[in-house]
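# Structural overview
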Amino acid sequence: MAQGHYNAAYDDYESNAEPNRSKPTIEADLEKPPPPKRDKWGNDIEFLMSCIALSVGLGNVWRFPFIALENGGGAFLIPYVITLLLVGKPIYYLEMILGQFSSRGSVKVFEYAPIMRGIGYGQVLTTFFISTYYSSLMAITLRYVVDSLYATLPWSYCREEWGQLCIDSKLQKSSTNQNLSEVKKTSAEYYFVNIVLHEKPNIDDGIGVPNWVLAITLAFAWLVISSVIIKGVKSSGKVSYFLAMFPYVIMLVLLIRSLTLPGAFNGVLFFLTPQWDRLLDAQVWYAAVTQVFFSLTVGYGVIPMYASFNRFRHNIKRDCNIVTTLDTFTSLLSGVVIFGILGHLAHESNTDDIKSVVKSGPGLAFISYPDAIAKLQAAPQVFSVLFFFMLFTLGVGTITGVFSTSITVICDRFVSAKRWIVVIVMATICYCFGLMYITPGGQFMLNYIDFYGVTFIAIVLAIVELISAAWIYGVKSICRDIKFMLDIKTSIYYRLCWGVITPIFMTAILIYMLVDYKPLTYNDVAYPEYLYVLGWCISAIGIGQLIIWAMYAIYEAPELSYCERFRNGFKPLSDWGPLDPETLKDYKRYVEDQRRSSTAPKTSFWSKICDNVFG
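Reading guide: rules and limits
Position numbers for residues start from 1 in each chain and track the written sequence from start to end. Where totals are concerned, whole chains, interfaces and linings use all residues; where local detail is concerned, this predicted model gives features only for residues with pLDDT of at least 70, and gives and counts side-chain atom pairs only at 80 or more. For the side-chain quantities, the full set of heavy atoms in the structure was used; hydrogens and water were omitted. Sulfur atoms of two cysteines make up a disulfide when they are within 2.5 Å. Note on aromatic pairs: the rings of Phe, Tyr and Trp (six-membered ring only in Trp) are paired at centre separations within 6.5 Å, and the planes decide the class, stacked below 30 degrees, edge-to-face beyond 60, tilted for the rest. A helix here means a DSSP run of H or I that spans at least four residues, while a strand means a run of E at least two residues long, and both kinds are numbered starting from the N terminus. Accessibility here uses a 1.4 Å probe with only protein chains present; expressed as a share of the type maximum, an area under 20% marks a residue as buried, one over 50% as exposed, and anything in between as partly exposed. Charge over a ring is defined by NZ of Lys or CZ of Arg lying within 6 Å of the ring centre and within 35 degrees of the ring normal. A helix is expected to span 1.5 Å for every residue after the first. Simply put, an axis is a line fit to the C-alpha atoms, just over the touching stretch for a helix, and the angle between two N-to-C directions goes from 0 to 180 degrees. The cut-offs work like this: below 35 degrees is roughly parallel, past 145 is roughly antiparallel, 65 to 115 is roughly perpendicular, and the gaps in between are oblique. Left-handed describes a crossing whose near helix is turned anticlockwise from the far helix through less than a right angle; right-handed describes the clockwise counterpart. Only heavy atoms matter for contacts: two residues are in contact if any of them lie within 4.5 Å across the pair. Three classes are used: nonpolar for Ala, Val, Leu, Ile, Met, Phe, Trp, Tyr, Cys and Pro, charged for Asp, Glu, Lys and Arg, and polar for all others, with Gly counted as polar.

## Remarks on the state of the cysteines
- Under the criterion given, the structure shown has one disulfide.
- Its sulfur unpaired, Cys320 is 9.4 Å from the next cysteine sulfur, which belongs to Cys51.
- Summary of cysteine pairing: Cys432 is not part of a disulfide, and the nearest cysteine sulfur, belonging to Cys430, is at 9.4 Å.

The following block contains the structure:
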């Protein structure tokens with residue numbers, strides 16, 4: 001579509017256009033073939049449940065506890081809640097608004113400023129990486145489901161080769177004659193590291209070959225994922241009820257059990273007691289931002305994609321409040337459960353140092369939870385199956401949305417492509433890539449890809465996304481669109497966050513990240529030098545999508561001069577707005593009425609800024 005063709009409703013964006021430039025009428029502008037029919041959620045509840053299943057997932061149960069453990073326990077809660085309010089919630093609502101208003105996926109949603117399409121393509125790359133390593137975690141949970149069927153849980157007892165520093169996880173009390181100067185490890189930790197992962201101390205000589213058992217469970221995981229999304233929201237929406245509600249039943253049972261263990265109170269107290277001096281540590285704030293992004297799944301293009309399948313007048317402000325609140329509650333709930341177990345492990349090891357009783361990192365949930373399950377007196381196998389099946393459903397709920405983002409982009413771009421073929425091909429590619437994470441060096445690579453392929457790219461793209469939405473399209477325009485769609489006046493909280501607070505906050509975090517950068521390590525072990533170079537190349541490819549697709553947007557309209565193409569790249573396309581033609585016609589008339597009734601345009605720099613945020 002030529003980007004020089006715009007409706008008169010967007011005159012307020014075209015102050016630099018030629019005075020004699022012809023302006024088509026609304027009716028003429030809309031005389032085009034109707035857009036392809038887009039799938040819709042079966043009902044409003046399916047969307048809400050899908051968002052809960054997406055955001056309330058492994059990020060809460062698997063990632064939040066070890067991030068909190070590494071950043072001072074209770075000290076992490078205050079930055080986390082503040083970051084949620086100033087970053088997570090505003091971005092979540094903004095992405096919901098843009099997706100539902102335009103009924104476009106994570107790339108086409110940026111047609112409000114076509115030169116910014118690269119944000120969407122960069123986000124597709126991050127969702128690909130997330131899909132691959134999330135699925136490897138699901139493979140591990142399935143391994144534990146199978147192992148739970150043994151008459152004796154295989155992680156509940158020590159093997160002879162693990163030595164004297166191993167504590168049987170099934171024991172309620174460790175031996176009283178142990179050396180108090182030695183901190184022992186549980187059999188659950190030894191089992192995870194030595195039996196499940198076969199983990200290597202370093203990857204200087206390579207990552208090794210995939211574990212054949214995990215390769216089978218990984219294939220099964222992708223079979224389930226593909227089955228859920230193969231028909232789009234028509235199938236995933238129906239499954240969302242179970243994916244969203246079932247995990248809470250198991251988590252509440254586990255909460256009761258963990259709090260009844262000796263020493264659990266000390267662990268919970270460590271989790272909830274703020275260490276005020278850590279609030280001045282920029283690393284804690286950086287960790288809070290990355291956790292909010294990972295947990296709420298903002299900045300990856302998933303939320304706009306989900307919201308694009310909503311009916312146009314759906315009340316997403318209510319859903320935003322529900323999901324962000326429930327996400328925080330779930331993180332706190334899982335934190336209490338985990339730290340209660342860690343307090344018990346410290347009690348068993350006769351130490352007051354909560355952090356010393358277990359190896360922190362992504363494996364925390366596969367160590368502490370199994371240890372608690374092993375101590376159950378009645379039918380631990382049944383509870384173990386239910387618990388690890390819960391982890392699996394959490395993973396399915398999250399990866400369904402993340403993986404669907406890439407599928408939706410491909411299907412929107414190639415309309416004639418059959419969805420089931422796209423799903424199978426992409427699932428096969430992700431499976432092959434995911435085999436890397438189930439090798440003896442797999443956790444090294446998971447940590448590596450999480451930083452270079454996901455976290456760094458997501459933060460940069462989120463900053464550009466905020467700036468493009470708030471200052472290219474405009475906070476004022478977003479609030480106008482919300483008023484038209486939902487008949488809701490946007491509060492000063494969202495206006496300030498979108499326009500000022502959140503971009504500045506995110507930029508400060510990015511600057512800190514770059515200034516304080518240290519070579520990435522896993523368990524204090526450095527990577528080979530060539531991997532650091534490759535890692536920054538991966539990040540450059542993701543962020544470089546901004547430049548690639550900006551150049552393409554400028555190239556799209558060869559009949560115009562380069563200056564005109566560049567200026568038009570920052571303006572909405574002529575059909576930007578609701579996907580339904582009649583609603584789009586009403587919207588453009590609404591915009592034109594708003595323009596005509598507005599006061600004289602602002603001329604000074606500060607008046608334009610204030611008008612954009614507060615107007």
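Now that the structure has been shown, the text picks up again.
## Thoughts on the packing of aromatic side chains
- Counted by the stated rule, this structure contains 60 aromatic pairs.
- Ring centres of Phe484 and Tyr590 lie 5.2 Å apart, and the angle between their planes is 45°; this geometry places the pair in the tilted category. Highlighted residues: Phe484 in helix H16 (residues 442-486) and Tyr590 in helix H20 (residues 581-597), separated in sequence by 106 residues.
- Residue Phe484 is classed as buried on the basis of its relative accessible area of 12%.
- Of the aromatic side chains, those joined through ring pairs into one cluster are Phe444, Tyr448, Phe451, Tyr452, Phe456, Tyr517, Tyr522, Tyr527, Tyr532 and Trp536.
- The cationic tip of Arg313 hangs over the ring face of Phe484; the distance from NZ or CZ to the ring centre is 5.0 Å.
- Stacked on the ring of Phe414, the Lys or Arg Arg413 has its end atom at 5.3 Å from the ring centre.

## What about helix H14 (residues 380-413)?
- The end-to-end C-alpha separation of H14 is 49 Å, in line with the 50 Å expected for 34 residues at 1.5 Å each.
- Most of H14 is tucked away: 28 of the 34 residues are buried.

## A short note on the packing of helix H8 (residues 233-259) against H14
- Where H8 contacts H14, the two axes come as close as 9 Å, and the packing angle between them is 140°. Accordingly, the angle class assigned to the pair H8 and H14 is oblique. As for the relative orientation of H8 and H14, their crossing is left-handed in sense. In this structure, H8 contributes Ser236, Phe242, Leu243, Phe246, Pro247, Ile250, Met251, Val253 and Leu254 to the contact, and H14 contributes Phe383, Leu386, Phe387, Phe389, Met390, Thr393, Leu394, Val396, Gly397 and Thr400.
- Here the contact of H8 with H14 is built from residues that sort into 15 nonpolar, four polar and no charged.

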